[in-house]
Amino acid sequence: MKRILTGLADIVFPPRCLTCEESLDNKNAPFCPACFSQIHFLQSPLCSCCGIPFAGADTDNHLCGDCAVSKPIFSVARSIGKYETTLLEAIHRFKYNRNIHIGEILGKLMAEFEYSDFAISDYSLIMPVPLHPKKLRQRGFNQSVILAREISKLFQLTLDFLTLRRHTYTEAQINLGRKEREANVSGVFSVTDSEKIHGQKIILVDDVYTSGSTAKECTRVLMHSNADSVAILTIARAVQ
Ligand SMILES: [Zn+2]
Ligand SMILES: [Zn+2]
């Protein structure tokens, strides 16, 4: 019965590419071949810590210059691909057009992607980067919760979206430089119950990794509550 209904739905609402809305020949693919081919997936060689990709293929993962000078407090940061073209468009449609369906598919992609030197199954707890309640009311949902929920389902990983809080409202970081971003998020997160964090190997989920300032500040607060380790997982990564 379910299969008949799904078949009917495909006729009435043919599956379409998430970004350009072309109808899809392969109804299990999220993107049409043209949009898919524009995704720059992040694979080795990349920074063993922050995940920035290196040009050229004749090297293994190693620390980038920035991480060698000042190693981030998180253990590793990984993303599916560069924040451009198809992934950028999909994230914008998800966040700003409030298309939750796209977010659910992006969350599944995050769960299924094979990351270099990072395995979701090594972790014990998954947490989204929290939104301030005011931002949550404006947007109607926390995009990182949607993503983290899909990953937690596939890996049967405990999802905790309550213990880490954003108690201070901050302006969007979009036009800020690295130092300004760090100042903008400093002290805005807190943990409501340290017991839930103690000893956990945590995956912190966000949509985009830009300067890493949000990821680092959340990690600082979680490590202060005696997390074992914190990894950062995002759909996309800005690469200058
Ligand atoms: Zn397309
Ligand atoms: Zn790095």
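Draft legend 1. Quick peek at the coordination of the zinc ion (ligand 1). The protein atoms donating to the zinc ion (ligand 1) are Cys17 (SG), Cys20 (SG), Cys32 (SG) and Cys35 (SG), with metal-donor distances spanning 2.3 Å. Note that the zinc ion (ligand 1) binds 4 donor atoms; their angles at the metal cover 103 to 117 degrees, and the shape is tetrahedral. Mapping the donors of the zinc ion (ligand 1) onto the primary sequence gives the spacing C-x2-C-x11-C-x2-C. With a gap of 15 residues between them, Cys20 in the loop between helix H1 (2-12) and helix H2 (33-37) and Cys35 in helix H2 connect regions that are remote in the sequence.

Draft legend 2. Broad picture of the sheet that holds strand E6 (residues 201-209). What the 5 strands build is an open sheet, ordered E1-E7-E6-E2-E3; its pairing is parallel. Lying at the two open borders of the sheet, with one neighbouring strand each, are strand E1 (76-82) and strand E3 (158-159). Strand direction decides the pairing type here: E1 and strand E7 (residues 229-237), joined by 6 bridges, are parallel. Bridge pairing in E7 links Lys82 to Arg237. Seen against the sheet, helix H7 (residues 143-155) touches strand E2 (125-128), E3, E6 and E7 and runs at an angle of roughly 130 degrees to E6.

Draft legend 3. Representation of the packing of helix H5 (residues 100-112) against H7 in the model. Two elements in contact, H5 and H7, have axes separated by 8 Å at closest approach and are oriented at 45 degrees. One way to sum up the angle between H5 and H7 is to call them oblique. H5 and H7 meet at a crossing whose hand is right-handed. In contact with Ile100, Gly103, Glu104, Leu106, Gly107, Lys108, Met110, Ala111 and Glu112 of H5, H7 contributes Ile146, Leu147, Arg149, Glu150, Ile151, Leu154 and Phe155. Taken together, the residues of the contact of H5 with H7 sort by class into 9 nonpolar, 2 polar and 5 charged.

Draft legend 4. Looking closely at the coordination of the zinc ion (ligand 2). Note on the zinc ion (ligand 2): its protein donors are Cys47 (SG), Cys50 (SG), Cys64 (SG) and Cys67 (SG). The metal-donor distances range over 2.3 Å. Here the zinc ion (ligand 2) binds 4 donor atoms, and the angle range of 104 to 113 degrees at the metal identifies the geometry as tetrahedral. Donor residues binding the zinc ion (ligand 2) come from one chain and are separated in sequence as C-x2-C-x13-C-x2-C. For the pair Cys47 and Cys50, one class covers both residues: buried.

Draft legend 5. Region of interest: helix H9 (residues 213-224). In this model H9 runs 16 Å from its N-terminal to its C-terminal C-alpha over 12 residues, within 8% of the 16 Å that 1.5 Å per residue would give. Within the sequence span of H9, burial applies to Ser213, Thr214, Ala215, Glu217, Cys218, Thr219, Val221 and Leu222. Turning to H9, the residues buried within the fold contact E2, strand E4 (164-166), helix H8 (178-185), strand E5 (189-191), E6 and E7. Backbone geometry just after H9 places Asn226 at a positive phi near 65 degrees.

Draft legend 6. Layout of the packing of aromatic side chains. Per the counting criterion, the structure on display carries 7 aromatic pairs. With 5.5 Å between their ring centres and 75 degrees between their planes, Tyr115 and Phe118 make a pair best called edge-to-face. Residue Tyr115 shares its accessibility class with Phe118, and that shared class is buried. Grouped by ring-pair contacts, the aromatic residues Phe36, Phe41, Phe113, Tyr115, Phe118 and Tyr123 constitute a single cluster. We note Lys134 situated over the ring of Tyr169; from NZ or CZ to the ring centre the distance is 4.1 Å. Just above the ring of Tyr123 sits the side chain of Lys201; from NZ or CZ to the centre is 5.7 Å.

Draft legend 7. Layout of the pattern of salt bridges. Going through the model one piece at a time under the given rule, you end up with 9 salt bridges. Note that Arg220 and Glu217 form a salt bridge whose closest N and O atoms lie 2.8 Å from each other. Remark: Glu217 and Arg220 occur in helix H9; sequence separation between them is 3 residues, near one turn of the helix. For Glu217, a relative accessible area of 9% gives the class buried. Salt bridges here are not isolated pairs; linked through shared partners, they connect Glu21, Glu89 and Arg93.

What counts and what doesn't
- Residues numbered from 1 in each chain as written.
- Chains lettered and ligands numbered in written order.
- Predicted model: local features only at pLDDT ≥ 70, side-chain atom pairs only at ≥ 80, totals over all residues.
- Heavy atoms only, no water.
- Donors = N, O, S within 2.8 Å, 3.2 Å for Na, K, Ca; no water.
- Tetrahedral: all angles 85-135°; square planar, octahedral: opposite > 155°, others 65-115°.
- Helix = DSSP H or I, 4+ residues; strand = E, 2+ residues; numbered from the N terminus.
- Pairing = 2+ DSSP bridges.
- Contact = heavy atoms within 4.5 Å.
- Axes fitted to C-alpha atoms, helices over the stretch in contact; angles between N-to-C directions.
- Parallel < 35°, antiparallel > 145°, perpendicular 65-115°, else oblique.
- Left-handed = near helix turned anticlockwise from the far one by under 90°.
- Nonpolar A, V, L, I, M, F, W, Y, C, P; charged D, E, K, R; others polar.
- Buried < 20%, exposed > 50% of the residue type's maximum accessible area, 1.4 Å probe, protein only.
- Expected span 1.5 Å × (residues − 1).
- Phe/Tyr/Trp six-rings, centres within 6.5 Å; stacked < 30°, edge-to-face > 60°.
- Lys NZ or Arg CZ within 6 Å of the ring centre and 35° of its normal.
- Salt bridge = Lys/Arg side-chain N within 4 Å of Asp/Glu carboxyl O.

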